[in-house]
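An overview of the molecular structure
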Amino acid sequence: MSSHAAAGTIDHHHDATTSTGIPNKKLLWWAFLASDCMFFGALISTHLVYRINPPPGNHVPTQVFDIELTSFSTFILLMSSLMMALAVNAIQRGQVRSMRSSILITIFFGCIFLGCQVYEFAHFVHEKKMTLSNSLFGTTFYTLTGTHGTHVAIGVFLLGLIYVRSFKSTAPGNGGLGELGRTFLHVFAICAVMAVTFILLVPAAIDLVKGHLNVGAFVSTHSAWLLLLLAASGLMVWLARDRHALEFGERNAIDVEAIGLYWHFVDIVWIIIFTAVYLLEYL
């Protein structure tokens, strides 16, 4: 890429222009994550306090949870951290195409996790009759895991923006409305694929595995959504073509690393939630 000439002079972990030696973007993300630690700490503590002293009429967690499904989604989220680390490593070496591949897999894994959570919530509400308001356990559970799911969704969206940004061209005359329209279409295609994947495809795949749904019924019921998915995927592939030299390169590694910090933080928080909310109930 265009930054190969300066590849040996870029220090991705130190910035001599700042008083701390840490890049300002990274320092800002660390400050945000520190505040988020306290936020999640309060939510997890609240759930554990009420777990120790459950009120009458509370749902029994082991009769509600689907530990196999949650274990699978946990594994997927951990694998997404590996792909995020590979994306950061790739851009630090100026390998933009490799970074894109790793980011797309990270996004896909994040959508699988969100799809499992959508299925889990729907199952708990409709089958187990546990809602946000009919039990204290449901209130603390949905608030905690729903907040974490929102963080994952935000992370997936940010990764999508980084992916689209990596196609920005340096060629003269490629700015303005033409470039803006292409970027908008690219973002729309990414968002459409992500939304259909975690709202429709992943929950349907779980139903198929569990024997609650057959392929024919799914295709006939959701044919319009499947057509949208195919169209958005085709548009995404068409837009993912490097037609000119790229502006995005090794010097943008700090941006990818900042999103990586956020993503790893979200994964670590989930490990704590999975242990405190799910696994403790089976000990």
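Below is a short write-up of the structure.

What counts as what
- Residues numbered from 1 in each chain as written.
- Predicted model: local features only at pLDDT ≥ 70, side-chain atom pairs only at ≥ 80, totals over all residues.
- Heavy atoms only, no water.
- Helix = DSSP H or I, 4+ residues; strand = E, 2+ residues; numbered from the N terminus.
- Contact = heavy atoms within 4.5 Å.
- Core = buried A, V, L, I, M, F, W, Y, C linked by side-chain atoms within 4.5 Å.
- Buried < 20%, exposed > 50% of the residue type's maximum accessible area, 1.4 Å probe, protein only.
- Phe/Tyr/Trp six-rings, centres within 6.5 Å; stacked < 30°, edge-to-face > 60°.
- Lys NZ or Arg CZ within 6 Å of the ring centre and 35° of its normal.
- Salt bridge = Lys/Arg side-chain N within 4 Å of Asp/Glu carboxyl O.
- Patch = residues over 30% accessible without salt bridge, like charges linked within 9 Å, V, L, I, M, F, W, Y side chains within 5 Å.
- Areas by Shrake-Rupley, 256 points an atom, 1.4 Å probe, with all protein chains shown as cover.
- Axes fitted to C-alpha atoms, helices over the stretch in contact; angles between N-to-C directions.
- Parallel < 35°, antiparallel > 145°, perpendicular 65-115°, else oblique.
- Left-handed = near helix turned anticlockwise from the far one by under 90°.
- Nonpolar A, V, L, I, M, F, W, Y, C, P; charged D, E, K, R; others polar.

Relative to the helices and strands, Ala-87 resides in helix H3 (residues 67–92). It is 8.9 Å that separates the C-alpha atoms of Ala-87 and Thr-106, two residues lying 19 residues apart in sequence. Setting aside residues no more than four positions away along its own chain, Ala-87 makes contact with Met-99, Ser-102, Ile-103 and Val-256.

We now examine the nonpolar core. Core analysis: the largest hydrophobic core is formed by 55 residues, its most contacted members being Met-99, Ile-103, Phe-141, Val-156, Val-256 and Tyr-278. Not counting the four nearest positions on each side in its chain, Met-99 is found in contact with Ala-87, Ala-90, Ile-91, Ser-166, Phe-248 and Val-256. The next biggest cluster of nonpolar side chains, apart from the first, holds 9 residues, and it includes Ile-76, Cys-116, Tyr-119 and Ile-206.

The subject of this paragraph is the packing of aromatic side chains. Working definition: an aromatic ring pair is given by the centre-to-centre distance plus the angle between the planes. Within this structure, the stated rule accounts for 20 aromatic pairs. Aromatic pair Phe-113 and Trp-270: ring centres 5.1 Å apart, planes at 80°, arrangement edge-to-face. With Phe-113 in helix H4 (residues 96–126) and Trp-270 in helix H9 (residues 253–278), the pair connects residues that are 157 residues apart, well separated along the chain. A ring pair is formed by Phe-121 and Phe-141, whose centres lie 6.1 Å apart and whose planes are at 65°; its orientation type is edge-to-face. Taken together, the positions of Phe-121 in helix H4 and Phe-141 in helix H5 (residues 136–165) put the pair 20 residues apart, joining distant regions of the chain. A relative accessible area of 0% places Phe-141 in the buried class. The rings of Phe-65, Phe-113, Phe-121, Phe-124, Phe-137, Phe-141, Tyr-142, Trp-270, Phe-274 and Tyr-278 are connected pair by pair, giving a single aromatic cluster. The ring of Phe-167 is capped by Arg-100, whose NZ or CZ atom sits 3.7 Å from the centre of that ring.

In this section: the pattern of salt bridges. Counting across every chain of the model gives 5 salt bridges. Across the pair Asp-255 and Lys-25 runs a salt bridge, and its minimum N-O distance is 2.6 Å. Placement of the pair is Asp-255 in helix H9 and Lys-25 in helix H1 (residues 24–52), with a sequence separation of 230 residues. Judged by its relative accessible area of 45%, Lys-25 falls in the partly exposed class.

Here we come to the side chain of Ser-80. Structurally, Ser-80 can be placed in helix H3. Given a relative accessible area of 0%, Ser-80 falls into the buried group.

Before going further, it helps to examine unusual backbone geometry. The phi dihedral of Lys-129 is positive, around 55°, even though this residue is not glycine. For Lys-129, the location among the structural elements is in the loop between H4 and H5. You can call Lys-129 exposed: its relative accessible area is 53%.

Next up on the list: a nonpolar patch on the surface. Together, Phe-184, Leu-185, Phe-188, Trp-225 and Leu-228 line one region of the surface with nonpolar side chains, adding up to about 520 Å² of accessible area. Per-element tally for the nonpolar patch: the top contributor is helix H6 (residues 176–210), with 3 residues. Following the sequence through the fold, Leu-228 ends up in helix H8 (residues 223–239). By relative accessible area, Leu-228 is classed as partly exposed at 31%.

What follows is about the environment of Gly-260. The residue Gly-260 is located in helix H9 in this model. Take Gly-260: its relative accessible area is 2%, and that puts it in the buried class.

What follows deals with the side chain of Gln-117. Mapped onto the elements, Gln-117 comes out in helix H4. Residue Gln-117 is classed as buried on the basis of its relative accessible area, which comes to 8%. Once residues lying within four places of it in the same chain are set aside, the contact partners of Gln-117 are Thr-145 and Gly-149.

Turning to the packing of H4 against H5, a few remarks are in order. Contact geometry of H4 with H5 gives a least axis separation of 10 Å together with a crossing angle of 155°. Overall, the two elements H4 and H5 adopt an arrangement that is roughly antiparallel. Crossing of H4 against H5: the hand is left-handed. Residue composition of the contact of H4 with H5, by class: 17 nonpolar, 8 polar and 2 charged.

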